[in-house]
Amino acid sequence: MSFYFQEKTWPELKEYVDRDALIILPVGEVEEHSLYLPVDCDARIAEYLCAQIADEIQDEIPVLVMPAVWSGYTPKAVAKWPGAMRLRPQVFADMIHDICASIAEMGFSRLLMLDCHGQHGPMLNMATKLIADEYGYYYTVASPVAFSAAEFNRIRKSPRGGCSHSGEWEASLIMLISPELVKEEKFCNDDLLKHHSDFVAGDACFGGQKVVWSTFGIQQPKYGACGDPTQASAQTGQVIVDAIRKNFKRFLKEYYFHETILPE
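Keep in mind that what you see is a predicted model, and the values were worked out from it rather than measured.

1. Digging into the side chain of Ser34
Tracing the sequence through the fold places Ser34 in the loop between strand E1 (22-27) and helix H2 (41-57). Separated by 3.4 Å, the side chain of Ser34 and the backbone oxygen of Tyr223 make a polar contact.

What follows is the structure, given as structure tokens:
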């Protein structure tokens, strides 16, 4: 049976409300992804991974996957190259809030936003706070990078600085999902991130970032990437997907079945 929200009739959706279904909202972006990945990279990854997560949990948790959010905030620095859909931060924040509010008003009490674009975190987090205050529902946000970093780092081939925007992690996933769209002959490491410190991780998969400091203010890309895709592979992409399925299943069972702890 399909788990896609948009394929249901309203009576079918009412049944999902009555079953207290979990909603999964893929959140991506359309923007340049260097010389070799499609501009819908983030949205494409978001759609694919949400379907993978739903497939993994559907036997234990009633679940629906929403259509992907494909426009959001991306910095002006990215607009140097064609492709970026650039909503103002407040416009994006309002849109996400209103999508979540619509879901809440239907009666869905649990929702996961899968954050597949590095600029959206603060605005998605803000939406969860507003929805909690307005409806008493505690929605959640998670990044697939965080849920796969340990497994990916064990097999990665790029050095530190190779896995942020259009680096090995993203390229490996697109090679798995849509290999026909990858321009592998244009892979290059010109935009490997070179600055790392005790405060700046300089790599999305390493962790340890202690400050907010835009990568585009630290290093200006030559071709629009922030990483090194040259040793990406579909095999690595499959390791990432397997980790995401396994780890999100564990988290979503915790999230879905948790009962709020009350004071004694």
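2. Some thoughts on the pairing of strand E3 (residues 110-115)
Counting buried residues in E3 gives six out of six residues, a clear majority hidden from the surface. Pairing geometry for E1 and E3, over six bridges, is parallel. Counterpart to Ile23 in the pairing with E3 is Leu111. Relative to strand E4 (residues 140-142), E3 runs parallel, the two sharing three bridges. By the bridge assignment for E4, Leu114 is matched with Ala142. Assessed by its sense of winding, the connection that carries the chain from E3 through helix H4 (residues 121-135) to E4 is right-handed.

3. Concerning the sheet that holds E4
Overall, parallel pairing links the four strands, which are arranged E2-E1-E3-E4 in an open sheet. Each edge of the open sheet carries a strand with a single partner, namely strand E2 (63-65) and E4. The mean angle between the axes of side-by-side strands here comes to 20°, regardless of whether they run parallel or antiparallel. Lying over the sheet, H2 contacts E1, E2 and E3, oriented at roughly 160° with respect to E1. Each of E1, E3 and E4 is contacted by H4, which is oriented at about 175° to E3, the strand it contacts most.

4. Let's talk about unusual backbone geometry
At Ser34, a position not held by glycine, the phi torsion is positive, near 65°. You can call Ser34 buried: its relative accessible area is 14%.

5. Quick notes on the nonpolar core
Ranked by internal contacts, the top residues of the largest apolar core, which has 71 residues, are Leu22, Phe108, Met113, Trp169, Phe248 and Leu252. If one sorts the elements of this core by residue count, H2 sits on top with nine residues. Discounting residues that sit within four places of it in the chain, Leu22 has contacts with Ile57, Ile61, Pro62, Val63, Leu64, Arg110, Leu111, Leu112, Leu252, Tyr255 and Tyr256.

Conventions we followed
Sequence order as written defines residue numbering, which begins from 1 separately in each chain. Totals for whole chains, interfaces and linings use all residues, but because this is a predicted model, local features are given only for residues with pLDDT of at least 70 and pairs of side-chain atoms are given and counted only at 80 or more. Heavy atoms throughout the structure, all of them, feed into the side-chain values; hydrogens and water do not. A run of H or I in DSSP becomes a helix once it reaches four residues, and a run of E becomes a strand once it reaches two; helices and strands are each numbered from the N terminus. A 3.5 Å cut-off defines polar contacts: any pair of N or O atoms within that distance qualifies, except that in protein one atom must be a possible hydrogen donor and the other a possible acceptor, and neighbouring residues in sequence count only when both atoms are side-chain atoms. Exposure classes here rest on a 1.4 Å probe applied to the protein chains alone. A residue is buried below 20% of its type maximum, exposed above 50%, and partly exposed in between. Strand pairing requires that DSSP identify at least two bridges connecting the strands. Seen with the strands pointing away from the viewer, any crossover whose path from the first strand over the helix to the second strand runs clockwise is right-handed. In this analysis, axes come from line fits to C-alpha atoms, helices being fitted only over the stretch in contact, and the angle between any two N-to-C directions falls in the range 0 to 180 degrees. Residues count as neighbours in contact if any of their non-hydrogen atoms are within 4.5 Å of one another. What is meant by a nonpolar core is a set of buried Ala, Val, Leu, Ile, Met, Phe, Trp, Tyr and Cys residues, joined one to another through side-chain atoms within 4.5 Å.

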